[in-house]
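Understanding the architecture of this molecule
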Amino acid sequence: MGTVETNSSTRLSVFKTYKLYVGGKFPRSESGRVYEVSDSKGKWLANAPLSSRKDARDAVVAARKAFGGWSGATAYNRGQILYRVAEMLEGRREQFVREVADAEGLSKSKAGAVVDAAIDRWVWYAGWTDKIAQIVGGANPVAGPYFNLSTPEPTGVVTVVAPQESSFLGLVSVIAPVIATGNTAVVIASEKAPLPALSLGEVLATSDLPGGVVNILSGKAAEMGPHLAAHQDVNAIDLAGADAALATELEIAAADNLKRVLRPGAADWSADPGTHRMTAFLETKTVWHPTGSLGASGSAY
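Residues numbered from 1 in each chain as written. Predicted model: local features only at pLDDT ≥ 70, side-chain atom pairs only at ≥ 80, totals over all residues. Heavy atoms only, no water.

Next up on the list: the pairing of strand E1 (residues 34-38). Only one face of E1 is buried: it carries Tyr35 and Val37, and the other face, with Val34, Glu36 and Ser38, is open. For E1 and strand E2 (residues 44-49), the ladder comprises five bridges, and the chain directions are antiparallel. Residue pairing across strands places Ser38 opposite Trp44, the latter belonging to E2. Taking the residues that link successive antiparallel strands as the turn, the E1-E2 hairpin has five residues, and the phi of Gly42 there is positive, at about 90°. (Buried < 20%, exposed > 50% of the residue type's maximum accessible area, 1.4 Å probe, protein only. Helix = DSSP H or I, 4+ residues; strand = E, 2+ residues; numbered from the N terminus. Pairing = 2+ DSSP bridges.)

With that settled, consider the sheet that holds strand E3 (residues 138-139). If you trace the three strands from one edge of the open sheet to the other, you get E3-E4-E10, paired in antiparallel fashion. What marks the edges here is a single partner per strand, and that holds for E3 and strand E10 (282-290). Where strand E4 (residues 146-154) meets E10, nine bridges bridge the pair, whose relative direction is antiparallel. Bridge pairing in E10 links Leu149 to Val287.

A few words on the side chain of Ser29. Considering the arrangement of structural elements, one finds Ser29 in the segment before E1. Of the polar contacts made by the side chain of Ser29, one reaches the side chain of Ser31; its length is 2.8 Å. At a separation of 2.7 Å, a polar atom in the side chain of Ser29 contacts the side chain of Asp55. Apart from the residues within four sequence positions on either side, Ser29 is in contact with Leu20, Pro49, Leu50, Ser51, Ser52 and Asp55. (Polar contact = N/O pair within 3.5 Å; in protein donor to acceptor, adjacent residues only side chain to side chain. Contact = heavy atoms within 4.5 Å.)

Okay, the nonpolar core next. Counting residues in hydrophobic clusters, the biggest one holds 63 residues, and the most contacted among them are Trp122 and Ile179. Not counting the four nearest positions on each side in its chain, Ile179 is found in contact with Trp70, Arg78, Leu82, Trp122, Ala185, Leu209, Val213 and Val214. Ranked by size, the runner-up nonpolar core spans 25 residues in total, among them Val22, Leu217, Ala247 and Ala253. (Core = buried A, V, L, I, M, F, W, Y, C linked by side-chain atoms within 4.5 Å.)

A separate point is the packing of aromatic side chains. For the structure shown, the criterion picks out six aromatic pairs. With centroids separated by 5.2 Å and ring planes inclined at 35°, the aromatic side chains of Tyr21 and Phe26 adopt a geometry described as tilted. Overall, the relative accessible area of 32% leaves Phe26 in the partly exposed class. Measuring from ring centre to ring centre gives 5.0 Å for Trp124 and Tyr125, while their planes differ by 85°; the resulting arrangement is edge-to-face. Note on Trp124: relative accessible area 31%, which makes it partly exposed. Among the aromatic residues, ring-to-ring pairing joins Trp124, Tyr125 and Trp128 into one connected group. Its end group placed over the ring of Tyr18, Lys16 keeps NZ or CZ at 5.1 Å from the ring centre. Arg64 extends its terminal NZ or CZ atom over the ring of Phe67, reaching a point 5.6 Å from the ring centre. (Phe/Tyr/Trp six-rings, centres within 6.5 Å; stacked < 30°, edge-to-face > 60°. Lys NZ or Arg CZ within 6 Å of the ring centre and 35° of its normal.)

With that settled, consider helix H1 (residues 53-72). Over its 20 residues, H1 runs 29 Å from end to end, which matches the ideal 28 Å to within 8%, given 1.5 Å per residue. Of all the bends in H1, the largest measures some 40° and sits at Ala66. Residues of H1 that are buried: Asp55, Ala56, Ala59, Val60, Ala62, Ala63, Ala66, Phe67 and Trp70. The residue sitting at the N-terminus of H1 and contributing the capping side-chain oxygen is Ser52; that oxygen lies 3.3 Å from the backbone nitrogen of Lys54. (Expected span 1.5 Å × (residues − 1). Bend = angle between axes of the 7 residues up to and from the residue.)

On the basis of which strands lie adjacent, the open sheet formed by five strands has the order E7-E6-E5-E8-E9 and parallel pairing. Of all strands in the sheet, those with a lone pairing partner are strand E7 (214-217) and strand E9 (260-262), marking the two edges. Strand-to-strand twist of the sheet, defined as the mean angle between neighbouring strand axes without regard to direction, takes the value 15°. (Axes fitted to C-alpha atoms, helices over the stretch in contact; angles between N-to-C directions.)

Structure representation (structure tokens):
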């Protein structure tokens, strides 16, 4: 019986097609536009979708539709789902190491350390989902026959301008706290290094995260940002990846419907993240409830 010989040098290369992640699906930009993405040495890597304002509006619609179910899920369940995302990232570690190395001009070992830190950060936020309420909520002492309880609730739909230089660890560090607390997100990926973010969409789609909880757009923050900052159905905006001029423009636009704004700062994404990115997008609901009498003695609970 004869054998079949193949020559790998004649094999047709199968290039990866990068798409947006909106509403749990992978559309191309409705405009049909793309732009070239290169590595740190200028070598072409892929064509990424150049998102339009219409893509941004579609992402907000998807995020709003997903908000009710996601915010209504138990904190424990959200933690399970975030942990599942970390599992999926671990399984595709080598792909992300390669993409981060290309995007940020790192050696394979340094890129590996970045990816490991990003996976660990997912796990860290997964553990906070059912604990953050204990930190920022609780029973308040009052002078009267009442219970007074404060509990945190998610703000709503959050636009996230992802960090420009930290294409993966920074990205995870701004997405995970938003969704861990029950918000949904519309993410503008790093313009010059969007590929790790678009690949993250593939991971989210194959985890247990409901479609629309995270929506990832690639393109120009200066084009989409003002539209999202002024959008009446966006409740908050994280300016982590905006430069000073764009941040000022977006903050002014966000004031129109009293959006919460997390201003950009000098961020060391490898440092302990703390809880401030979770508390930035939480509202506090305070409830008064009268105590009741337990019997004729007048004792109360």
